[in-house]
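Residue-level listing of the chains:
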Amino acid sequence: MSDYKEYSICKDAQLTLKKAHEDGVETAWDRLKKQEPQCGYCELGVSCRICVMGPCRIDPFGEGPQRGVCGADADIIVARNLARMIASGAASHSDHGRDLVEVLYKVGLGKAPGYTIKDPEKLKRIATEYGVPTADLSNEEIAKRLAEAIMEDYGMKKERITFISRAPRQRIELWEKLRVIPRGIDRETSEIMHRTHMGVDNDYVSLLLAAVRNSLSDGYGGSMVGTELSDIIFGTPKPGMSEVNLGVLKEDQVNIMVHGHSPVVSEMVGLAVNDKEMVALAKSKGAAGINLAGLCCTGNELMMRWKIPMAGNHLMTELTIVTGAVESIIVDYQCIMPSLGQVAQCYHTKLYSTSDKAKFPFMEHVEFTPENAKAQAYRIVKESIENFTRRNKLKVYIPVAPVKTMSGFSVEAIVGALGGSLTPLIDAIKAGKIKGAAGVVGCNNPKIKQDYGHVELIKRLIANDILVLTTGCANVAAGKAGLQVPEAKEMAGPGLKEICGLLGIPPSLHVGSCVDNSRIVVIACALANAIGVDIAQLPLAAAAPEWYSEKAATIAFYAVASGIFTVLGVMPPILGSKKVAELATSGLNNVLGACFAVEPDPIKAADLMKNHIVDKRKKLGLPI
Ligand code: XCC
Ligand code: SF4
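It should be emphasised that the depicted structure is a prediction, and the values quoted were computed from it without experimental measurement. (Residues numbered from 1 in each chain as written. Chains lettered and ligands numbered in written order. Predicted model: local features only at pLDDT ≥ 70, side-chain atom pairs only at ≥ 80, totals over all residues. Heavy atoms only, no water.)

Peer 1: Would you mind showing me how to read the overall build of the protein here?
Peer 2: For the protein, the helix and strand inventory stands at 24 helices and 16 strands. Relative to its length of 624 residues, the protein is compact, with a C-alpha radius of gyration of 24 Å against a globular reference of 25 Å. Dimensions of the protein, computed from C-alpha atoms along their principal axes, come out at roughly 65 × 65 × 50 Å. In the protein, which comprises 624 residues, the proportion classed as buried is 61%. The long-range fraction of contacts in the protein, counting pairs at least 24 apart against all pairs at least 6 apart in sequence, stands at 74%. For the protein, the accessible area works out to roughly 22,900 Å², and carbon and sulfur atoms hold 55% of it. (Helix = DSSP H or I, 4+ residues; strand = E, 2+ residues; numbered from the N terminus. Rg over C-alpha atoms; globule rule 2.2 N^0.38 Å. Buried < 20%, exposed > 50% of the residue type's maximum accessible area, 1.4 Å probe, protein only. Contact = heavy atoms within 4.5 Å. Areas by Shrake-Rupley, 256 points an atom, 1.4 Å probe, with all protein chains shown as cover.)

Written out as structure tokens, the structure is:
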């Protein structure tokens, strides 16, 4: 009988998957099996259904059709498909960012009860960056004016988005030369949808450069806005401890989960569960208290700021329900499998959707707006508590004990841990104690043994004195493996171990959710600016070992566009065009000073990153 070790390296996943099958629950892994073999044309990126003269496909073996009905060849079709993927990712992050702009604006108008300005210092700092005056103005007035200024970044009044100026001069000059400076956050996404319509842009290089610009409108636009405004409204994260894995669920408490990406809903849920009256209600129903835990990036957002525990990443979301211990899951948007409602049919778990743009089968829709969010949060928390009495104790299975993990490494917190400036980090890099830094980001994908890619990659990097910064679902993998606590320094190389010991930090730092990849960008820009070089000259690298999402593709694109070599653990659908594949994996070096590599083996991926970092050190004249 299967012990499920081929599905996941995590004990909690293996054990709960077994229960899922005993309970007759189907998971993403089962559905992947039923999909196999997956379509080879789509895997290569050579199928097109952009218009209804099609659908068309190109024969990769050169015997069948080489052009679609309109005449598009493999290069055009692959480039168009890839560009649309980038556009969807950029749209997702940027629309999430827009929701924060709306909350900030309504806080300014006094129309968002429950929301406040938790970091007024950052509000003023960002307002100043936007040229919004702050002297003698109330926080609310500054909030309103800043929100209005950011709204212009979303439009077409400006020549360039504001935060792009955070990049080093050399990079900006290169982007200017390539004409890839994003003009408006929405404009670039919209333009990609236009360019990829039949009969518009049919030059694969031109399409890919436009996709680069679109990705930058996410990294330095929508995502960065999402991060910075979340900090202003909900507080800039500080390091602190919490717990991770399915063991964070409590047998004797009401377990409420938040899932998705935007902290706008979950912050209000956090407020409600801490209310004395709600806790008293839970006790009156026989529970010892209320346990709020996270899934995916909404979980990361709340863990960063409130230190709430994290139940799991992408592939754990269905399994969380299978524990039978969850009273409710409150979701916002992105990465919420439409299967969750089906899984919940077998248990007592109630599911709530909260965004007008994200509705799901078998979920109750309780729409949140900045105006009503607080009241709605209290309503669903109350219902969740009442649902505790419907829990079937015989079905409850919490498979493991939780492990400790650390989070909260905002840029401000990292600079704080370093004593107020990046200089100690730069000195450590120059001296070779830290060889370089790597972002390890992204999802789970059932095509890859869950968390294996993340954990093995990070272990190998830190053992080679490379400081790791993680976001998204990679955090959860690293946290569960014990890599994100200060004691993990024992697994690091001697130099990194020494620095982590001095600062009391882990060798793998939880810097936040998927939009918080913008924090990694900010650090890369700040390092480059401090040393006076371009980002592409720095000993940096990035990886998305288990990515699945269009958002991850966009993140990878803006990383490379920023000059950071990026290794993907799953092949993007580009192999159908030799030209596009060649450009992505080497040609871009001559254009952007960085390119992609695809390497599913995490050990080999780590070595590619290490070699890249060593090479950059040599070129800077630093000790190897
Ligand atoms: Fe989604 Fe952000 Fe991917 Fe996880 S990591 S599966 S995008 S939750 Ni960004
Ligand atoms: Fe076929 Fe061209 Fe239409 Fe695509 S755009 S479906 S290749 S005709």
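Peer 1: Would you take a moment to explain the packing of aromatic side chains for this structure?
Peer 2: One pass over the structure, following the stated rule, counts six aromatic pairs. Relative to Tyr220, the ring of Trp175 lies with its centre 5.3 Å away and its plane at 75 degrees, an arrangement referred to as edge-to-face. One end of the pair, Trp175, is in helix α7 (residues 169–178); the other, Tyr220, is in helix α9 (residues 204–234), with 45 residues separating them in the sequence. In this structure Tyr220 comes out as buried when scored by relative accessible area, which is 1%. Measuring from ring centre to ring centre gives 5.5 Å for Phe557 and Phe596, while their planes differ by 35 degrees; the resulting arrangement is tilted. Residue Phe557 is located in helix α22 (residues 550–561), and its partner Phe596 is located in strand β16 (residues 596–598); the two are separated by 39 residues in the primary sequence. (Phe/Tyr/Trp six-rings, centres within 6.5 Å; stacked < 30°, edge-to-face > 60°.)

Peer 1: Where do I start with the site of ligand 1 in this structure?
Peer 2: Residues in contact with ligand 1 amount to 13 residues; listed here are only the nearest, His261, Cys335, Cys443, Cys473 and Cys514. Among the elements of the structure, α12 (296–306) and α19 (472–480) are those that each provide at least two residues to the shell around ligand 1. Class assignment for the residues of the shell around ligand 1 results in seven nonpolar, five polar and one charged. (Near = heavy atom within 4 Å. Nonpolar A, V, L, I, M, F, W, Y, C, P; charged D, E, K, R; others polar.)

Peer 1: Could you clarify how one ought to interpret helix α1 (residues 11–22) in this entry?
Peer 2: Counting along an α-helix, one turn takes 3.6 residues, and residues three or four places apart therefore face a common direction. Look at α1: 17 Å from first C-alpha to last across 12 residues, which is about the 16 Å you get at 1.5 Å a residue. Of all the residues in α1, the buried ones are Asp12, Ala13, Gln14, Thr16, Leu17, Lys19 and Ala20. Packed against the buried residues of α1 are α2 (28–35), α13 (317–322) and α19. (Expected span 1.5 Å × (residues − 1).)

Peer 1: What is the right way to look at the pairing of strand β15 (residues 565–568) in this model?
Peer 2: The side chains of a regular strand alternate, residue by residue, between the two faces of the sheet. Of the two faces of β15, both are covered, the one formed by Phe565 and Val567 as well as the one formed by Thr566 and Leu568. Strand direction decides the pairing type here: strand β14 (residues 540–544) and β15, joined by four bridges, are parallel. Pairing of Ala542 across the sheet is with Thr566, part of β15. In this view, the connection linking β14 to its parallel neighbour β15 by way of α22 has right-handed handedness. Here three bridges tie β15 to β16, and the two strands are oriented parallel to one another. (Pairing = 2+ DSSP bridges. Right-handed = clockwise from strand over helix to strand, strands pointing away.)

Peer 1: Explain the pattern of salt bridges here, please?
Peer 2: The full count for this structure, using the stated rule, is 49 salt bridges. When salt bridges with common partners are traced through the structure, they connect Glu121, Lys122, Arg125, Glu129, Arg166, Glu228, Asp231, Glu301, Arg305, Glu412, Asp516 and Arg519 into a single cluster. (Salt bridge = Lys/Arg side-chain N within 4 Å of Asp/Glu carboxyl O.)

Peer 1: In this structure, what is going on with the pairing of strand β13 (residues 508–512)? I would like to understand it.
Peer 2: Burial runs high along β13: five of the five residues are buried. Two elements, strand β12 (residues 466–471) and β13, share four bridges in a ladder whose sense is parallel. Within β13, the position partnered with Val468 by the bridge is Ser508.

Peer 1: Explain the packing of helix α10 (residues 263–273) against α12 here, please?
Peer 2: A pair of packed helices can be characterised by two numbers: the angle between their axes and the separation between those axes. The N-to-C vectors of α10 and α12 enclose an angle of 50 degrees; their axes lie 9 Å apart at closest approach. When the axes of α10 and α12 are compared, the pair comes out oblique. As for the relative orientation of α10 and α12, their crossing is right-handed in sense. Along its contact with α10, which presents Pro263, Ser266, Glu267, Gly270 and Leu271, the element α12 presents Thr298, Glu301, Leu302, Arg305 and Trp306. Split by residue class, the contact of α10 with α12 holds four nonpolar, three polar and three charged. (Axes fitted to C-alpha atoms, helices over the stretch in contact; angles between N-to-C directions. Parallel < 35°, antiparallel > 145°, perpendicular 65-115°, else oblique. Left-handed = near helix turned anticlockwise from the far one by under 90°.)

Peer 1: Would you explain the site of ligand 2 in this entry?
Peer 2: Around ligand 2 sit Cys48, Ile50, Cys51, Met53, Gly54, Cys56, Gly68, Val69, Cys70, Ile77, Arg80 and Met198, and those are all the residues in its vicinity. For the shell around ligand 2, the class distribution of residues is nine nonpolar, two polar and one charged.

Peer 1: How should I be thinking about the side chain of Asn444 in this particular structure?
Peer 2: As for its placement among the helices and strands, Asn444 is situated in the loop between β11 (436–440) and α18 (452–463). Among the polar contacts listed, one links the side chain of Asn444 to the backbone nitrogen of Leu315, at a separation of 3.2 Å. A polar side-chain atom of Asn444 sits 3.0 Å from a polar atom in the side chain of Asp451. Sequence-distant contacts of Asn444, that is, excluding residues within four places in its chain, are made with Asn313, His314, Leu315, Gln450, Asp451, His454, Cys473, Glu546 and Tyr548. (Polar contact = N/O pair within 3.5 Å; in protein donor to acceptor, adjacent residues only side chain to side chain.)

Peer 1: How do you make sense of the sheet that holds β14 when you look at a structure like this?
Peer 2: Picture the strands of a sheet paired through backbone hydrogen bonds; they go either parallel or antiparallel. What the six strands build is an open sheet, ordered β13-β12-β11-β14-β15-β16; its pairing is parallel. The outermost strands of the open sheet, each flanked by one partner alone, are β13 and β16. When strand polarity is set aside, the average angle formed by the axes of neighbouring strands in this sheet is 25 degrees. Of the strands in this sheet, β15 and β16 are in contact with α22, which crosses β15 at around 155 degrees.

Peer 1: Would you mind going over unusual backbone geometry with me for this structure?
Peer 2: Backbone geometry follows two general trends: most residues other than glycine have a negative phi, and most peptide bonds adopt the trans configuration. The residue after Glu36, namely Pro37, is reached through a cis peptide bond having omega 0 degrees. Here Gly54 and Pro55 are connected by a cis peptide whose omega angle stands at 10 degrees. Relative to the helices and strands, Pro55 resides in the loop between β1 (47–48) and β2 (56–57). Despite not being glycine, Phe362 shows a phi value in the positive range, around 60 degrees. Topologically, Phe362 is positioned in the loop between β8 (350–353) and β9 (364–365).

Peer 1: Any chance you could explain the environment of Gln450 here in plain terms?
Peer 2: Checked against the element boundaries, Gln450 lands in the loop between β11 and α18. The spatial distance from the C-alpha of Gln450 to the C-alpha of His314 is 9.4 Å, given a sequence separation of 136 residues. Excluding residues that lie within four positions of it along the chain, Gln450 makes contacts with Tyr7, Ser8, Ile9, Cys10, Ala13, Trp29, Asn313, Leu315, Met316, Asn444 and Glu546.

Peer 1: Could you clarify how one ought to interpret the nonpolar core in this entry?
Peer 2: Side chains of nonpolar character tend, in soluble globular proteins, to be buried together. Core analysis: the largest hydrophobic core is formed by 171 residues, its most contacted members being Leu104, Tyr115, Tyr220 and Val269. The element best represented in this core is helix α4 (residues 74–109), accounting for 15 residues. Every residue in contact with Val269, bar those within four places of it in the chain, is listed here: Ile256, Val258, Leu292, Ile330, Ala377 and Val381. Among the nonpolar cores identified, the runner-up in size contains 35 residues, and Val25, Met337, Ala358 and Phe360 belong to it. (Core = buried A, V, L, I, M, F, W, Y, C linked by side-chain atoms within 4.5 Å.)

Worth remembering: the numbers are spatial, not functional.
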